[in-house]
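Close look at the chain arrangement
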Amino acid sequence: MFSYFPHTDDDIRQMLERIGVKSLDDLYSDVPADFIYKGEYDLPEAMDEQEVREFFEAVAAKNPRMKVLVGAGAYDHYTPSVIPYITSRSEFITAYTPYQCEISQGTLRYIFEYQSMICALTGMDVSNASMYDGPTAAAEAMRMAVACAKKKNTVLISSGLLPHVREVIRTYAKYYGTTIEEIEMVEGRTSLESLKKLMESGDVAGAIVPGINRFGVIEDLTGFAEALHAQKAILVEYCDPSALAVTKTPAGWDADVAVGDGQPLGIPLCYGGPYVGFMACRKDYMRKLPGRIVGETVDGSGKRAFVLTLQAREQHIRREKATSNICSNESLMALWVTVYLSLMGPKGMQQVNDLSYAGAHELHDKLIGTGKFEKAFDAPFLKEFVLKPLVDVKKLQQALREAGFLAALETEEGLVSFCVTEKHLKDIDPLVDVIKAL
């Protein structure tokens with residue numbers, strides 16, 4: 001029946017007998033007959049390898065290839081060409097999940113290095129293996145705040161967090177019965193006074209605020225940790241890890257937990273994924289950290305080796321009492337950003353931010369100069385910013401799309417966002433020319 005299956009007719013007969021059915025069709029006896037397709041499948045003729053390549057190249061060509069200068073949590077940074085080759089090496093293609101340390105040294109090694117680099121960027125004491133993406137890392141931090149505070153069940157989130165981050169946090173909170181309240185923004189920044197007012201309830205377990213908010217504004221978090229710690233609540237900072245090379249770290253703001261998305265660390269944009277979330281914390285909260293922590297030790301011969309130092313067993317055997325039930329991680333993407341950081345180094349990361357900063361400020365000033373925009377906020381930004389449009393946003397976006405640019409994403413307030421990375425310095429003038437022609 002299926003010529004590409006290795007099983008013989010006799011193999012199939014024995015397997016069916018073993019499970020007590022007479023035919024393969026009996027396996028679908030619970031499916032109503034109306035739902036079983038009885039016609040011939042509309043499959044193309046067989047192709048040789050070259051024809052298959054040409055077919056998929058034609059399909060891929062239907063995807064518009066645009067220059068992405070929009071930001072909003074997805075940043076088109078340079079990816080060193082050597083990364084795909086290193087990540088494909090056999091040393092790293094070991095066990096899917098590193099339970100058996102003796103055969104998983106490649107996996108454990110790069111997770112250890114990944115954790116070390118995340119700690120270096122954030123200033124935190126300990127990092128877990130990795131999370132699915134930034135939004136789910138933030139949601140896990142929300143659960144962690146409640147677990148740390150014990151009897152408190154409200155978590156504050158800044159309205160300056162990206163919309164999809166806030167929505168994922170709210171989704172998690174709904175099914176855990178946690179109350180979410182939003183901290184207001186004032187002049188493009190998260191309001192400390194709003195946070196203090198919300199804390200008057202006495203039920204706040206923690207707050208999640210951005211290091212750089214959805215307007216691209218670099219936040220001033222002075223006083224946030226003090227206000228939260230005074231009520232034994234924790235401060236979680238949602239970060240752009242690339243920007244941490246030049247901005248104040250979560251540790252510098254006395255934050256307890258740092259989360260974010262590793263995508264800006266050389267992961268190419270590909271229609272929304274794959275991404276990798278990171279999560280690090282002070283050692284005080286290490287045992288509330290979900291996922292795994294890999295540590296360094298020596299084997300019986302005294303050679304350097306890596307092991308799973310900590311993995312909360314409640315994730316597996318007492319799920320209802322666990323802070324989190326996450327047991328997996330974006331391992332390949334964690335390896336990807338580890339290689340990226342090791343190749344770039346501190347100087348390379350500094351240069352990426354210097355170029356992005358210069359490009360973003362050049363574009364900002366030139367867009368204001370077109371007379372089509374007004375400044376939205378008088379606040380510092382790095383590579384991303386928003387402006388108040390004085391033209392029809394839909395016409396603006398259409399003109400940019402037709403010219404091959406993905407930019408001017410509209411925010412909840414009717415502002416439009418732009419972003420410049422080191423890859424798009426040559427695209428500034430062409431983009432401005434499109435807008436001048438409106």
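Shown above is the structure to which this text applies.
Remember, predicted model here, so these are calculated numbers, not experimental data.

1. Observations regarding the overall build of the chain
Counting secondary structure elements, the chain contains twelve helices and 17 strands. Expressed as lengths along the three principal axes of its C-alpha atoms, the size of the chain is roughly 75 × 55 × 50 Å. When contacts within the chain are restricted to residue pairs at least 6 apart in sequence, long-range pairs at least 24 apart make up 69% of them. Surface exposure of the chain reaches about 23100 Å², of which carbon and sulfur atoms provide 53%. For the chain, the separation between the mean place of its 46 positive charges and that of its 60 negative charges on side chains is 6 Å.

2. So, the nonpolar core
One finds Ile 169, Ile 208, Val 257, Val 259 and Met 279 to be the most contacted residues of the largest nonpolar core, which totals 32 residues. When residues of this core are assigned to their parent elements, the largest contribution, eight residues, is made by helix H5 (residues 134–149). Look past the residues within four positions of Val 257 in its chain and what remains in contact with it is Met 124, Ala 141, Met 144, Ile 234, Leu 235, Val 236, Glu 237, Met 279, Ala 280 and Cys 281. By size, the runner-up hydrophobic cluster in this structure holds 31 residues, among which are Met 124, Cys 239, Phe 278 and Met 344.

3. Describing the sheet that holds strand S10 (residues 277–281)
Taken together, seven strands build an open sheet; the order of strands is S2-S10-S9-S8-S7-S3-S4 and the sheet is mixed. Each of the sheet's edge strands pairs with one partner strand only, and the pair in question is strand S2 (126–127) and strand S4 (179–183). Contacting S2, strand S9 (257–261) and S10, helix H4 (residues 105–122) crosses the sheet at an angle of about 70 degrees to S10. Those strands touched by H5 are strand S3 (154–158), S4, strand S7 (204–210), strand S8 (234–239), S9 and S10, and its axis lies near 160 degrees from that of S9.

4. Side note on the environment of Leu 335
Looking at where Leu 335 falls in the secondary structure, it is placed in helix H10 (residues 331–369). Its relative accessible area of 3% is what places Leu 335 among the buried residues. Spatially, the C-alpha atoms of Leu 335 and Tyr 114 are 7.0 Å apart, while their sequence positions differ by 221 residues. With sequence-adjacent residues up to four places away left out, Leu 335 is seen in contact with Thr 87, Phe 92 and Tyr 110.

5. Looking at a negative patch on the surface
Residues Asp 48, Glu 51, Glu 54 and Glu 57 make up a contiguous surface patch of negative charge. With respect to the secondary-structure elements, Glu 51 resides in helix H2 (residues 49–60). A residue is classified by how much of its surface remains accessible, and Glu 51, at 39% relative accessible area, is partly exposed.

Cut-offs applied
- Residues numbered from 1 in each chain as written.
- Predicted model: local features only at pLDDT ≥ 70, side-chain atom pairs only at ≥ 80, totals over all residues.
- Heavy atoms only, no water.
- Helix = DSSP H or I, 4+ residues; strand = E, 2+ residues; numbered from the N terminus.
- Contact = heavy atoms within 4.5 Å.
- Areas by Shrake-Rupley, 256 points an atom, 1.4 Å probe, with all protein chains shown as cover.
- Lys, Arg positive; Asp, Glu negative; His and termini not counted.
- Charge placed at Lys NZ, Arg CZ, Asp CG, Glu CD.
- Core = buried A, V, L, I, M, F, W, Y, C linked by side-chain atoms within 4.5 Å.
- Buried < 20%, exposed > 50% of the residue type's maximum accessible area, 1.4 Å probe, protein only.
- Pairing = 2+ DSSP bridges.
- Axes fitted to C-alpha atoms, helices over the stretch in contact; angles between N-to-C directions.
- Patch = residues over 30% accessible without salt bridge, like charges linked within 9 Å, V, L, I, M, F, W, Y side chains within 5 Å.
- Salt bridge = Lys/Arg side-chain N within 4 Å of Asp/Glu carboxyl O.

All quantities given are derived from atomic positions and should not be read as evidence of function.
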